[in-house]
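Examination of the molecular architecture
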Amino acid sequence: MDETEFWELIDTTRQGADGDPEDQADLLLERLLEQDPELVLDFSRHFEARYNRAFTWDLWAAAWLLLGGASDDAFDYFRCWLIGQGRETYEGAVHDPDALAELLDDFDEELDGDGEDLGYAADEAYEQLTGTVAPDLGIAPAPPEPLGTPLDLEDAGAVAARLPRLWERFGTD
């Protein structure tokens, strides 16, 4: 599975789920179960590489702002959700997290921002297809700390200064 096929699978499942991350994860699992186990591992490598690449302070600040706070786990699930939004939104946000102000039509913290199940779809598919746990993917793990300049996420002024467009659209005082 190449990068284009990866993103096509993300896009078609998101569209089929009308943007609901839980439904998208269910559709993704169904589609992965139609694949060869090696292709499922390829999908998993693409997903994991993007998940690790999104481990930045600025994206954590974006998640913090959009979700009204974001623990380590909430930020993990946010990164899965971000991948689930498709290539344009993902790449735009990784390049410039403040661009989420323009990339997101709207954001409902009750529905959006949590793609936990998307993060497990490939592992679950591989296990169902083979009866075994997926092997090590052979890619470098995420760094121990987010990339970029550290930020005190509880300092609203610092978050607003780092992400002014996102703050203007989704922030609170």
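Just above, that's the structure.
Computed from a prediction, not measured in an experiment: that's the story for all the values here.

Here we look at the nonpolar core
Among the nonpolar cores identified, the biggest contains 54 residues, and L32, F43 and L100 are the most heavily contacted of them. Of the residues forming this core, the biggest block, 9 residues, is contributed by helix α4 (residues 57-67). With sequence-adjacent residues up to four places away left out, L100 is seen in contact with L59, A62, L66, F78, L82, T89, A93, L166, R169 and F170.

Here we look at unusual backbone geometry
Phi at D18 is positive, roughly 50°, even though this residue is not glycine. As for its position among the elements, D18 is in the loop between α1 (3-16) and α2 (21-32).

Re a negative patch on the surface
On the surface, a cluster of negative charge is contributed by D18, E22, D23, D26, E30, D114, D117, D123, E124 and E127. Broken down by secondary-structure element, the contributors of at least two residues to the negative patch are α2 and α8 (116-130). Tracing the backbone shows D26 in helix α2. Owing to a relative accessible area of 46%, D26 belongs among the partly exposed residues under this scheme.

A closer look at the packing of α1 against helix α3 (residues 37-53)
In the contact formed by α1 and α3, the axes pass within 10 Å of each other and the chain directions differ by 85°. With respect to α3, the element α1 is oriented roughly perpendicular. Contact residues: E3, F6, W7, L9 and I10 in α1; F43, H46, F47 and R50 in α3.

Definitions and cut-offs
For every chain, the first residue of the written sequence is number 1, and numbering continues from 1 along that sequence. Restriction of local features to residues with pLDDT of at least 70 applies here, the model being predicted, together with a cutoff of 80 or more for giving and counting side-chain atom pairs; totals for whole chains, interfaces and linings are based on all residues. The side-chain figures draw on all heavy atoms in the structure; neither hydrogens nor water molecules are used. Buried Ala, Val, Leu, Ile, Met, Phe, Trp, Tyr and Cys residues that are joined via side-chain atoms within 4.5 Å together make up what is termed a nonpolar core. For each residue, the accessible area found with a 1.4 Å probe, counting protein chains only, is set against the maximum for its type, and the residue is called buried under 20%, exposed over 50%, and partly exposed in between. Here a helix means four or more residues in a row that DSSP labels H or I, a strand means two or more in a row labelled E, and each is numbered from the N terminus. Only heavy atoms matter for contacts: two residues are in contact if any of them lie within 4.5 Å across the pair. Every patch collects residues that have over 30% relative accessible area and no salt bridge, joining them within 9 Å if they carry like charges and within 5 Å if they are nonpolar side chains (Val, Leu, Ile, Met, Phe, Trp, Tyr). Accessibility throughout is a Shrake-Rupley quantity obtained with a 1.4 Å probe, and a residue counts as covered only by protein chains that appear here. Salt bridge, as applied in this entry: a Lys or Arg side-chain nitrogen positioned within 4 Å of an Asp or Glu carboxyl oxygen. Positive charges come from Lys and Arg alone, negative charges from Asp and Glu alone, with His and the N- and C-terminal ends not counted. Think of each charge as sitting on NZ of Lys, CZ of Arg, CG of Asp or CD of Glu. Helix axes use the C-alpha atoms of the stretch in contact, all axes being lines fitted to C-alpha atoms, and the angles between their N-to-C directions lie in the range 0 to 180 degrees. With respect to orientation, any angle under 35 degrees is reported as roughly parallel, any angle over 145 as roughly antiparallel, any angle of 65 to 115 as roughly perpendicular, and every other angle as oblique.

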